[in-house]
Amino acid sequence: MRNQIKSLIFDETSIEESKDAPVASSESLYHLPTLWSESVKENKLNKPPRVEEDVTDTTSDNSSNFSESDGRGSSIMSRKSLAFALNYDSNSNEKVFRRPRIVGHRGSMYHEPENTIPSFQAAQELGAEAVELDVFLLKCGRVAVFHGDGGDRLPGGLKKYCDVEGSIMDCTAEQARKLAFTENGNAFVCPSHKIESAKIPMLDEVSVRTNVVTCSFAIASVGREIRQPNDCALPGQVLEHAKETGVGLKIELKGPMVEESVLDMVDEMDMADQCTFSSFHHDRLDKVRKLRPQRKADGTPLYRTGALFDDMIPDDFIERAQAVGASEVHLRYDTCTKERVDAVHNAGMDSMAWWCGPVSMKKHLAEKYLDVTDEDEAMYGMVLQSGVQSLCVNRPDRLVRLVSALNA
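**Thoughts on the overall build of the chain**
Here's step 1: When its secondary structure is counted, the chain shows 17 helices and nine strands.
Here's step 2: A total of 408 residues make up the chain; the buried ones form 54% of that total.
Here's step 3: Long-range pairs, those at least 24 residues apart, make up 68% of the contacts in the chain with a sequence separation of at least 6.
Here's step 4: Total accessible area on the chain is roughly 17,900 Å²; 47% of this is exposed by carbon and sulfur atoms.

This is the structure in C-alpha cells:
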C-alpha cells in the first residue's frame, strides 16, 4: 500500500511530467488520506508497528497489534495514527476542494538556511503565497529575524545554531551580524555548503525600500535545487519584491516586547495589509490589537493577528482567541481536525495549520505516527481534509506540487 500511495503522488520530476499520472486530479488526490488510513487498517506499512510496552497485553488473543485495545475504546495502532489524531473518517464521501494558501515555514529551509533572506526568496520563487518568519527584539533596540534553540515556547538559544552559549536577545545587532551558523547542532536541513555564508538578518534590512530591480531565481522544475545568481540584488530588496508581488508575511512575535518595533517597521513600509502577527503568547496579540485597533471598511481588522496553539488545545480555544481580538487561529497540523476548523470559521476567524520544524517533525515521524513516514503530499492531503485555509509547511515545493495537481 505504501508503494501504491507513493505512485499516486509524484517523483522529483517536473509538474509537466506528472500530468499524465492516473490520479492527477482533484478527486483522486483527495482520496490519498483514505488510502493511507486503509493501509493502517490492513497492517501493510513497510515498517513494523511499535507498541507501547506499558499497555501491551501479551496474552491477548489478537495476533495483530493494529487492533489491540488499550481498554479505552481505541487501539494502540490508532493512537499511533495521524488519521486517528485528525478524526479522519475513511468512509466519508465528503471531499474538500478549497485551494489552500501556501506559507513557507521560515522560508524554504530545505533549500536555504531558515529565516534568512535567500530562504524567503526561495519560498516565493517556488510558489508560496506567504512566508513565515520569527522576530526578536535585541538589546540595542533592533529586531532580528531568527528562531534558535528552545522550541516554539522558549526559542532564541544560540548553541545549536551558532555553537555559542546564550540567547539572541542578549546580542546587539552588530554582535548578531558576526555570529556564524554551524552544522554541528543539526539545526539546519539545507545543503551544508550554504550554511557557513548565511547571516542573521535584521527585520529593517529585510523590509527596507530600494529602487534597484529585484533579482529572481530560475527554477527548472519544482523540487530541484535553487541557485542564486552571483549578481543578485542586495538583501533589502527581497521584501520589497514581496510588497510588489503581494506575497504575505506571517510574522511570529517570538521574543518579548517586540510588538511595537515590528508594527512601526510595517507601517513605515505601508505593508499592514500583507502581514499577520502571530504568537503562542496571546498577550502579545492583545497588545497588537490595542496598539493598532484600526479596521477596514468591512469591519475586519486592518492589522491581522493569529493565535497560535500547540498540541495542548484547551476546550475554550475559540474564546481565548476572540478575547485577544485574533483574526486567525493557527493549529498544529496534528490537531487540525475538521471539527476545530469548522469552529474557527463559524466564529468568523480564518484558519491555518502549521508544521513543527524539521527536528521535531523527524521525531513525530519516527515515534509519534506510524501511518506517515515523511512530510509529503500524502500528509498535506490528509490535513487538507479538515477544510483549513492555509498550510505553513517546511516543504513548500511539495505542497505546490500537490496544489498544481489539484488544479490540473
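After that view of the structure, there is still more to cover.
**Topic: the pairing of strand S9 (residues 390-393)**
On a regular strand, each side chain points to the face opposite its neighbour's, so the side chains alternate between the two faces of the sheet.
Here's step 1: Here S9 shows two buried faces, one formed by Ser-390 and Cys-392 and the other by Leu-391 and Val-393.
Here's step 2: The sheet contact formed by strand S1 (residues 101-105) and S9 spans four bridges and is parallel. Paired with Ile-102 across the two strands is Leu-391, which belongs to S9.
Here's step 3: Here strand S8 (residues 350-354) runs beside S9; their pairing, made up of three bridges, is parallel. Counterpart to Trp-354 in the pairing with S9 is Cys-392.

**Some thoughts on the nonpolar core**
Here's step 1: With 73 residues, the main nonpolar core has Val-135, Ile-251, Val-262, Phe-277, Tyr-333 and Trp-355 as its most contacted residues.
Here's step 2: Filtering out sequence-adjacent residues up to four positions away, Trp-355 remains in contact with His-105, Tyr-333, Met-361, Glu-375, Met-379, Tyr-380, Val-383, Leu-391, Cys-392, Val-393 and Asn-394.
Here's step 3: By size, the runner-up hydrophobic cluster in this structure holds 20 residues, among which are Phe-146, Leu-158, Ala-187 and Cys-190.

**What about unusual backbone geometry?**
Here's step 1: One non-glycine residue with positive phi stands out, namely Asn-115, at about 60°.
Here's step 2: Among the secondary structure elements, Asn-115 is positioned in the loop between S1 and helix H6 (117-126).
Here's step 3: If you check the backbone angles, Met-257 has positive phi at about 60° while not being a glycine.
Here's step 4: Among the secondary structure elements, Met-257 is positioned in the loop between strand S4 (248-253) and helix H11 (259-269).

**Looking at the side chain of Glu-259**
Here's step 1: Residue position: Glu-259 is located in helix H11.
Here's step 2: Given a relative accessible area of 4%, Glu-259 falls into the buried group.
Here's step 3: Glu-259 has contacts with Leu-253, Arg-284, Lys-287 and Val-288, leaving out every residue within four places of it along the chain.

**What to know about the environment of Thr-116**
Here's step 1: For Thr-116, the location among the structural elements is in the loop between S1 and H6.
Here's step 2: Overall, Thr-116 belongs to the buried group, its relative accessible area being 2%.
Here's step 3: Leaving out residues up to four positions away in the same chain, Thr-116 has contacts with Phe-181, Ala-198, Lys-199 and Pro-201.

**So, the packing of aromatic side chains**
Here's step 1: Inspection of every chain in the model, using the stated rule, returns eight aromatic pairs.
Here's step 2: When the ring of Tyr-161 is compared with that of Phe-188, the centres are 5.3 Å apart and the planes differ by 75°; the resulting orientation is edge-to-face. Separated by 27 residues along the polypeptide, Tyr-161 in helix H7 (residues 159-162) and Phe-188 in the loop between helix H8 (173-178) and helix H9 (203-206) bring together distant segments of the chain.
Here's step 3: Here Tyr-333 and Trp-355 contribute two aromatic rings whose centre-to-centre distance is 5.3 Å and whose plane-to-plane angle is 15°, an arrangement assigned as stacked. With Tyr-333 in the loop between strand S7 (328-332) and helix H14 (338-346) and Trp-355 in the loop between S8 and helix H15 (358-368), this residue pair connects regions lying 22 residues apart in the sequence.
Here's step 4: Relative accessible area serves as the criterion here: at 0%, Tyr-333 is assigned to the buried category.
Here's step 5: Among the residues examined, Trp-355 registers a relative accessible area of 0% and is labelled buried.
Here's step 6: In this structure an aromatic cluster arises from ring pairing among Phe-146, Tyr-161, Phe-181 and Phe-188.
Here's step 7: It is Arg-395 that lies over the ring of Tyr-110; its NZ or CZ is 3.5 Å from the centre.

**A word on the pattern of salt bridges**
Here's step 1: With the rule as written, the count across this model stands at 20 salt bridges.
Here's step 2: Notably, a salt bridge pairs Lys-178 with Glu-174, separated by 3.6 Å at the nearest N-O pair. Taken together, the residues span about one helical turn, with Lys-178 and Glu-174 both in helix H8 at a distance of four residues.
Here's step 3: Assessed through its relative accessible area of 62%, Lys-178 is described here as exposed.
Here's step 4: Note on Glu-174: relative accessible area 52%, which makes it exposed.
Here's step 5: The salt bridge partner of Glu-252 is Lys-254, with a shortest N-O separation of 2.8 Å. Exposure class is identical for Glu-252 and Lys-254. Each is buried.
Here's step 6: One network of salt bridges, in which partners are shared, links Lys-250, Arg-304, Glu-328 and Asp-350.

Reading the values: the criteria
- Residues numbered from 1 in each chain as written.
- Predicted model: local features only at pLDDT ≥ 70, side-chain atom pairs only at ≥ 80, totals over all residues.
- Heavy atoms only, no water.
- Helix = DSSP H or I, 4+ residues; strand = E, 2+ residues; numbered from the N terminus.
- Buried < 20%, exposed > 50% of the residue type's maximum accessible area, 1.4 Å probe, protein only.
- Contact = heavy atoms within 4.5 Å.
- Areas by Shrake-Rupley, 256 points an atom, 1.4 Å probe, with all protein chains shown as cover.
- Pairing = 2+ DSSP bridges.
- Core = buried A, V, L, I, M, F, W, Y, C linked by side-chain atoms within 4.5 Å.
- Phe/Tyr/Trp six-rings, centres within 6.5 Å; stacked < 30°, edge-to-face > 60°.
- Lys NZ or Arg CZ within 6 Å of the ring centre and 35° of its normal.
- Salt bridge = Lys/Arg side-chain N within 4 Å of Asp/Glu carboxyl O.

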